[in-house]
Amino acid sequence: MSCQPNTNSDTQPAAGNAEIAESMPSKENVWVFFLAGQSNMAGRGLVEPSDTIASERIFSVNADGEIVYAQEPLHYYEPDLTGLDCGLSFGKSLMSHLPDEVSLLILPTAVGGSSIEQWLGDSTHRNVPLMTNFKEKVAIGQQYGTLKGILWHQGESDAQEERITKYQERLSTLITTFREIARNDSLPVLLGELGGYSENNENWQRINQEIHAYAAQDSFSMVINTQDFDHKGDKVHFNSDGQREMGKRFAEAYLKLIQVP
């Protein structure tokens, strides 16, 4: 494979340009992770050349269901919106702590603007049937490797008075559903806080309280802090530095959760 970056820095690199993998490592050596949630997981950061440098040990999937060498942007559902997400940063950070024979398969399922109720109802949002799409990615993951975890970042769409009080219960139901689909009731789930810069910050922090309250009663989950991240200028979306740091923090949290030094 070629590991050279996409050097077209004048425009955002488009999803779908990643090189197709001609072969995969043996199934027992592939760890599978899912990126789920809304736009801050789908990614809205500026993709820079360094974000498009692929690794021979990190894979993803394209819109045609083909396994590719992962390079940003990983998400392809919203081609006019999607930018840098945290996936490749997570993969590279995690990989540095794993045995050389382990490879990663990171599967994107996040769609901007999706509420937790839409996920639970398998609503079609921006032309993506949310839970059905997740199930399809689980099937791909089970075909090629072992399911190891879910990275979840969502809540901006639920930061409304009538939804906040139901968020923890809905999050619990959602994660239970994810684990049922994965056929693993102890599948690790890593949850990212909403940022600390919103014009609706009081409600965003209330969502964060609900996220922490959920994680406190689920020993197979962990929350990462994002309060020091900056936005890309819209007071909604993490900038590129925030996305890269989020990936690193997800990796650190995962290693702590599974007790890897």
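Residues numbered from 1 in each chain as written. Predicted model: local features only at pLDDT ≥ 70, side-chain atom pairs only at ≥ 80, totals over all residues. Heavy atoms only, no water.

For the protein, the helix and strand inventory stands at seven helices and nine strands. Expected size for 261 residues packed as a compact globule is a radius of gyration near 18 Å; at 17 Å, the protein falls within 12% of this value. Seen through its principal axes, the protein has C-alpha atoms that stretch 50 × 40 × 40 Å. Counting only residues that meet the buried cut, the protein has 56% of its 261 residues in that class. About 11,000 Å² of surface is accessible on the protein, with carbon and sulfur atoms providing 44% of the total. Measuring between centres, the 20 positive side-chain charges of the protein sit 3 Å from its 36 negative side-chain charges. (Helix = DSSP H or I, 4+ residues; strand = E, 2+ residues; numbered from the N terminus. Rg over C-alpha atoms; globule rule 2.2 N^0.38 Å. Buried < 20%, exposed > 50% of the residue type's maximum accessible area, 1.4 Å probe, protein only. Areas by Shrake-Rupley, 256 points an atom, 1.4 Å probe, with all protein chains shown as cover. Lys, Arg positive; Asp, Glu negative; His and termini not counted. Charge placed at Lys NZ, Arg CZ, Asp CG, Glu CD.)

We now examine the pattern of salt bridges. Throughout the structure, instances matching the rule amount to eleven salt bridges. The residue Arg170 makes a salt bridge to Glu117 at a minimum N-O spacing of 3.8 Å. A residue pair is termed long-range when its members are at least 10 positions apart, and Arg170 in helix H5 (residues 161–182) and Glu117 in helix H3 (residues 116–120) qualify at 53 residues. Residue classification places Arg170 among the buried positions, given a relative accessible area of 16%. Taking the relative accessible area as the measure of exposure, Glu117 reaches 42% and is therefore partly exposed. Salt bridges linked by common partners bring Glu48, Asp51, Asp241 and Arg244 together as one network. (Salt bridge = Lys/Arg side-chain N within 4 Å of Asp/Glu carboxyl O.)

Here the focus is helix H7 (residues 240–257). For H7, with 18 residues, the first-to-last C-alpha span of 26 Å sits near the 26 Å given by 1.5 Å per residue. Most of H7 sits inside the fold, with 13 of its 18 residues counted as buried. (Expected span 1.5 Å × (residues − 1).)

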